[in-house]
Amino acid sequence: DAGVIQSPRHEVTEMGQEVTLRCKPISGHDYLFWYRQTMMRGLELLIYFNNNVPIDDSGMPEDRFSAKMPNASFSTLKIQPSEPRDSAVYFCASSTRAGPFLVGYTFGSGTRLTVV
Amino acid sequence: GNSVTQMEGPVTLSEEAFLTINCTYTATGYPSLFWYVQYPGEGLQLLLKATKADDKGSNKGFEATYRKETTSFHLEKGSVQVSDSAVYFCALSVSNTGNQFYFGTGTSLTVIP
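Since the model is a prediction, treat every value here as computed from it, not as a measurement. (Residues numbered from 1 in each chain as written. Chains lettered and ligands numbered in written order. Predicted model: local features only at pLDDT ≥ 70, side-chain atom pairs only at ≥ 80, totals over all residues. Heavy atoms only, no water.)

Student: Could you give an account of the interface of chain B and chain A, with specific residues and numbers?
Tutor: With 19 residues of chain B at the interface, the matching set in chain A holds 17 residues. Interface of chain B and chain A: buried area, both sides summed, is about 1500 Å²; carbon and sulfur atoms make up 56% of it. The interface formed by chain B and chain A contains zero salt bridges. Summed over the shared surface of chain B and chain A, the number is three residue pairs in polar contact (both at pLDDT 80 or more). For the side of chain B that touches chain A, the elements supplying multiple residues, two or more each, are β5 (31–38) and β10 (86–94) of chain B. (Contact = heavy atoms within 4.5 Å. Buried area = accessible area lost by both parts, 1.4 Å probe. Salt bridge = Lys/Arg side-chain N within 4 Å of Asp/Glu carboxyl O. Polar contact = N/O pair within 3.5 Å; in protein donor to acceptor, adjacent residues only side chain to side chain. Helix = DSSP H or I, 4+ residues; strand = E, 2+ residues; numbered from the N terminus.)

This is the structure:
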């Protein structure tokens, strides 16, 4: 298994531009999570999906952020327009459920976003 | 609610020193506990886990015991190496309540030769 695959690994963009981050979860995992990591705020859960349906987006910072999961093998996180304070490492993670517990919670390598 | 409280860092140790990183939790249901490690420039990787009380998770010389009576899951290693320098996250999964892992704030460990 190739694990959770994120692209791009690094993204540098100018303020005001649209940024799209991509994630391919582990095959068979039916939960997908988007996180943001910064030095100031640590690891923050932005949104998660179950069976391609957004379940909780309360962590999405504002309307400039949107996420989609059109099918079980692909998700995107979009920022439009981007701002310098969006600079962070964005992680995708996927998981499934075994009985009452989430199992196999696996992170991708992240996308380091720099907005200048 | 469900939450994890983790020892503040950063922690700096000399090679071969003993490591303890404290982690306590609160859970509204039955918990499973995890330690994740994040090496520089990488994502979080599962280090070890314990799914029931008194279970000990172990991997790469690290150990943690799920203590229900003290709601704790402290990470220990008897002799750290420079290659153990990383950020360590304690995490909680709760049965039947919530669909996410709850992470601590992370503890940065630097091991100096």
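Student: Quick rundown of the pattern of salt bridges? Include the residues and the values.
Tutor: Residue and element names in this part refer to chain A. Tallying each qualifying case throughout the model produces eleven salt bridges over all chains. As a salt-bridge pair, K78 and E18 come within 3.8 Å of each other at their nearest N and O atoms. On the criterion of sequence distance, the pair formed by K78 in strand β8 (residues 74–79) and E18 in the loop between β2 (10–13) and β3 (19–24) is long-range, its members being 60 residues apart. The partner of E83 in a salt bridge is R85, with the nearest N and O atoms 2.6 Å apart. Note on E83: relative accessible area 23%, which makes it partly exposed. Counted as one network, the salt bridges with shared partners bring together E62, R64, E83, R85 and D86. (Buried < 20%, exposed > 50% of the residue type's maximum accessible area, 1.4 Å probe, protein only.)

Student: So what's going on with the state of the cysteines? Residues and values would help.
Tutor: Any covalent bond linking the sulfur atoms of two cysteines counts as a disulfide. Counted by the stated rule, this structure contains two disulfides over all chains. At a sulfur-sulfur separation of 1.9 Å, the disulfide partner of A:C23 is A:C92. Taking the torsion about the sulfur-sulfur bond, which here is approximately -65°, the covalent link between A:C23 and A:C92 counts as left-handed. With A:C23 in strand β3 and A:C92 in strand β9 (residues 88–98), the pair connects residues that are 69 residues apart, well separated along the chain. Of the residues examined, A:C23 reaches a relative accessible area of 2% and is grouped as buried. Here B:C23 engages in a disulfide with B:C90; their sulfurs sit 1.9 Å apart. One disulfide, between B:C23 and B:C90, carries an S-S torsion of -70° and so falls in the left-handed class. One end of the pair, B:C23, is in strand β4 (residues 23–26); the other, B:C90, is in strand β10, with 67 residues separating them in the sequence. Residue classification places B:C23 among the buried residues on the basis of a relative accessible area of 1%. Judged by its relative accessible area of 0%, B:C90 falls in the buried class. (Disulfide = S-S within 2.5 Å.)

Student: With reference to specific residues and values, describe the environment of B:E8.
Tutor: All names here are of chain B. Position of E8 among the secondary structure elements: in the loop between β1 (3–6) and β2 (11–14). E8 sits in the exposed class, given a relative accessible area of 63%. Placed 97 residues apart in sequence, E8 and T105 show a C-alpha to C-alpha distance of 8.0 Å.

Student: Requested: an account of the pairing of β5(B), with residues and values cited.
Tutor: Residues and elements named next belong to chain B. Across the eight residues that make up β5, a large majority, eight, are buried. Burial along β5 is two-sided: the face carrying P31, L33, W35 and V37 and the face carrying S32, F34, Y36 and Q38 are both buried. In this sheet, β10 lies alongside β5 in antiparallel orientation, the contact comprising eight bridges. Within the sheet, the bridge partner assigned to Q38 lies in β10 and is V87. (Pairing = 2+ DSSP bridges.)

Student: Quick one: what's the story with the sheet that holds strand β1 (residues 5–7) of chain A, residue by residue and with numbers?
Tutor: All names here are of chain A. Spatial ordering of the open sheet is given by β1-β3-β8-β7, a layout of four strands whose pairing is antiparallel. Since the sheet does not close on itself, it has two edges, and those belong to β1 and β7 (65–71), each with one partner. Between one strand and the next, the sheet's axes are offset by a mean angle of 15°, whatever the strand orientation. (Axes fitted to C-alpha atoms, helices over the stretch in contact; angles between N-to-C directions.)

Student: Break down the packing of aromatic side chains for me, with residues and values.
Tutor: Under the definition given, this model contains 17 aromatic pairs over all chains. An angle of 85° between the planes, with centres 6.3 Å apart, marks the rings of A:F91 and A:F107 as edge-to-face. Placement of A:F91 in strand β9 and of A:F107 in strand β10 (residues 101–107) is noted, with a sequence separation of 16 residues between them. Like A:F107, A:F91 is buried. One aromatic cluster in this structure is built from A:Y31, A:F33, A:Y35, A:Y48, A:F91, A:Y105, A:F107, B:F34, B:Y36, B:F101 and B:F103. (Phe/Tyr/Trp six-rings, centres within 6.5 Å; stacked < 30°, edge-to-face > 60°.)

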